[in-house]
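Report on the structure
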Amino acid sequence: MKKQSAMSNKKGLLNGSIFLLLLAFSFGILYICTASSPRYATNPWNDANAFLTMGRSMANGLTIYKDIFEQKGPLLYLIHAVACLISDSSFFGVYIIQSLFLSATAFAAYKIASLYVGTVWSVISAVLTCFVTVNSGGYYYGDSAEEFCLPLLMLSIYFFCRFFKNTEQEELGKPVFLLVGFFAGCVAMIKFTVIGFWFAWAAYISLYTWIAKKKFTKALVNAIIFLCGMAIAVAPWMIYFAVKGALYDFINTYFVLNATAYPKAESLGFVSRILEPLHSLGENLVISPVLFILGFLGIILFAATKIFTEKRFFSRISVPFVCCLGLYIIYFGIRYYNYYFIPMSAFTVFTFIAAAYLLDKITKSKSGIIALILCVAIIPSTIVVSNYFNLSSKFAPRKGEETVQSKAAEYIGAHNPNGRILNYGSLDSGIYLAAKQIPQFKHFEQQNLLYDKYPENIDEQNRYIAEGMADYVVVSAKPGIELSDIYNKNIALKTDYTLVFSQEYSIAESTLTNKKTILTYYLFQTKEN
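Here is a short report on the structure shown in this document. (Residues numbered from 1 in each chain as written. Predicted model: local features only at pLDDT ≥ 70, side-chain atom pairs only at ≥ 80, totals over all residues. Heavy atoms only, no water.)

Before going further, it helps to spend a moment on the state of the cysteines. Covalently bonding the sulfur atom of one cysteine to the sulfur atom of another cysteine gives a disulfide. Taken as a whole, this structure holds zero disulfides when the rule is applied. We note that Cys375 lacks a disulfide partner, and the nearest cysteine sulfur, in Cys130, lies 13 Å from it. (Disulfide = S-S within 2.5 Å.)

In structure tokens, the structure reads:
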């Protein structure tokens, strides 16, 4: 008993030490790779700004969906509300939260690798997995919804791999199904399109238990426990919104509008509709080629080699099934953005594990020393190398630099610091954070929704201007949009407002092509001021 206790303490100490190492690594690499870090003046990505604005609003007492409109999940906004407790006037709190989540992702990757290779090789595999993730085109400027789902996906894959390594000796107990179901519920409250990985996870193990092991009752019980885990994660939100009188707003905004109000290829035939997500997925070969290659190589190696599972076919295709079905569900909406592909980074760990396994076999007696040397070299090297080709490092404005947002906020602060601001015609351009304001309009930004499915968003934005409710209007105009086009969209901007500031600025889209989008930032002030 004492010997077992000593071994358990030793293992706990080792895991704790490795987690601290990966935590330090996460803070270091994200200092370079996310524009949320204190190295940069601001995160220029409009999605990141929208999430933070929602979090700040939530932290200041507004009820999301009812008082302020955006259509991502409530848990994502809660994460940003917590970040606001660290810093309400910058992305610094977001950087802290991102680093904590990345360290959890790294530790989960380490746990997966430790099923197959030694401790130091496992650390190397985890570090390289995270390095590829945060430097991929899918990561963009950092702070996507998918980023916060990644550690939950990694941990779920760990349990999956542990089971299929040897199904005769390993059992996934009820607590695991409850926990992974809870993860699925959390993901559903962050971004429900990513949940396909978890349904694939649960369906695959249930089918295996039913068909291969002929235990239908056990498969059914496990499935029910999984759904109970989901319910534990979702139920508090249903109660919260019911108490706030916003249950309809939550369901209609997050589920109904997300399912119906985005552009879809409705004219496609049945076969084209089935194949089109594969075309969208293929676009990521251009956006994130390294992630694409390493991810798919990882699942191929999982299925084709003897490293990862027992010889049974059902076990060999387990992880590839979860990966492919999860990705297919994400892209089934016939839309693709860079960040949709981030979950693929979870499967790159298998490529690095296979490489570590091979190196371990080649180096034999010297394996431990070589692994330690590589580990010591790789951890700082990945951070340093990131500085030279990461999107944020190359293009995000550095701390101390003036931005269009800071210039517009400075003007507002000098003339009417309490003036009501409206971000008009686009997603959040960062003006609310720069001006240190909480939006005073429900429709504080324009969403990418079909007008005929949800006209309220655009109609309300136009009403705020037509009725002079906004003291300041900020427009971030895309290429080809002239000032006359903005006036034609809402004539009140020409008759009732004065243009007080305008400046071009650029947002980089990729480090591979160095392609930049040149936008024009306009600030209008009501003539009554």
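For the structure shown, the criterion picks out 53 aromatic pairs. With centroids separated by 5.6 Å and ring planes inclined at 70°, the aromatic side chains of Phe164 and Tyr204 adopt a geometry described as edge-to-face. Separated by 40 residues along the polypeptide, Phe164 in helix 6 (residues 145-165) and Tyr204 in helix 8 (residues 196-212) bring together distant segments of the chain. Judged by relative accessible area, Phe164 falls into the buried class, the value being 0%. For Tyr204, a relative accessible area of 5% translates into the label buried. Measuring from centroid to centroid gives 4.4 Å for Phe241 and Phe250, while their planes differ by 15°, and the two rings are stacked. Members of the aromatic cluster, joined through ring pairs, are Phe160, Phe163, Phe164, Phe177, Phe199, Trp201, Tyr204, Tyr208, Phe226, Phe314 and Phe321. The ring of Tyr424 carries the charged tip of Lys489 above its face, separated from the ring centre by 5.0 Å. (Phe/Tyr/Trp six-rings, centres within 6.5 Å; stacked < 30°, edge-to-face > 60°. Helix = DSSP H or I, 4+ residues; strand = E, 2+ residues; numbered from the N terminus. Buried < 20%, exposed > 50% of the residue type's maximum accessible area, 1.4 Å probe, protein only. Lys NZ or Arg CZ within 6 Å of the ring centre and 35° of its normal.)

Looking now at the pattern of salt bridges. Opposite charge on two side chains permits them to pair, given that their charged atoms come into close proximity. Enumeration according to the criterion identifies nine salt bridges in this entry. The residue Glu171 makes a salt bridge to Lys213 at a minimum N-O spacing of 3.3 Å. Of this pair, Glu171 sits in the loop between helix 6 and helix 7 (174-188) while Lys213 sits in the loop between helix 8 and helix 9 (216-243), placing them 42 residues apart in sequence. On the basis of relative accessibility, which here comes to 38%, the residue Glu171 falls in the partly exposed class. The salt bridge partner of Arg463 is Glu467, with a shortest N-O separation of 3.3 Å. Judged by relative accessible area, which is 31%, Arg463 ranks as partly exposed. Residue classification places Glu467 among the exposed positions, given a relative accessible area of 51%. (Salt bridge = Lys/Arg side-chain N within 4 Å of Asp/Glu carboxyl O.)

Among the structural elements, Glu445 can be located in the loop between helix 20 (431-434) and helix 21 (456-466). Judged by its relative accessible area of 0%, Glu445 falls in the buried class. Residues Glu445 and Thr517, 72 residues apart in the sequence, show an inter-C-alpha distance of 20 Å. Among all residues touching Glu445, those that are not within four sequence positions of it are Ala50, Phe69, Glu70, Asn423, Ser426, Leu427, Asp428, Asn457 and Gln461. (Contact = heavy atoms within 4.5 Å.)

This part is about the nonpolar core. Ile112, Tyr116, Trp198, Trp201, Phe347 and Phe350 are the most contacted members of the largest nonpolar core, which totals 167 residues. Sequence-distant contacts of Ile112, that is, excluding residues within four places in its chain, are made with Met154, Ile157, Tyr158, Cys161, Val349, Phe350 and Ile353. Counting residues in each nonpolar core, the second largest holds six residues, with Phe69, Leu257, Tyr262 and Tyr454 among its members. (Core = buried A, V, L, I, M, F, W, Y, C linked by side-chain atoms within 4.5 Å.)

Turning our eyes to something else, we now look at the packing of helix 13 (residues 289-304) against helix 16 (residues 349-363). For any two helices packed against each other, the geometry is given by the interaxial angle and the distance between the axes. Across the interface, helix 13 lies against helix 16 with an axial gap of 6 Å and an inter-helix angle of 60°. When the axis of helix 13 is compared with that of helix 16, the two are oblique. Note that helix 13 runs across helix 16; the crossing there is left-handed. Residue-level contacts link Leu294, Leu297, Gly298, Leu301 and Phe302 of helix 13 to Phe350, Thr351, Phe352 and Ala354 of helix 16. Among the residues making up the contact of helix 13 with helix 16, the classes are represented as seven nonpolar, two polar and no charged. (Axes fitted to C-alpha atoms, helices over the stretch in contact; angles between N-to-C directions. Parallel < 35°, antiparallel > 145°, perpendicular 65-115°, else oblique. Left-handed = near helix turned anticlockwise from the far one by under 90°. Nonpolar A, V, L, I, M, F, W, Y, C, P; charged D, E, K, R; others polar.)

With their axes 10 Å apart at the nearest point, helix 6 and helix 15 (residues 318-331) run at an angle of 150° to one another. Taken together, the axis directions place helix 6 and helix 15 in an arrangement best described as roughly antiparallel. Contacts between helix 6 and helix 15 involve Phe160, Cys161 and Phe164 from the first element and Ser318, Val319 and Val322 from the second. Looking at side-chain class alone, the contact of helix 6 with helix 15 contains five nonpolar, one polar and no charged residues.

This part is about unusual backbone geometry. The phi angle of most residues is negative, glycine excepted, and most peptide bonds adopt the trans form. The phi torsion at Tyr140 lies on the positive side, around 55°, for a residue other than glycine. Considering the arrangement of structural elements, one finds Tyr140 in the loop between helix 5 (119-134) and helix 6. Exposure remark for Tyr140: the relative accessible area of 14% places this residue in the buried category. The phi dihedral of Asp143 is positive, around 85°, even though this residue is not glycine. Structurally, Asp143 is set in the loop between helix 5 and helix 6. By relative accessible area, Asp143 is classed as buried at 0%.

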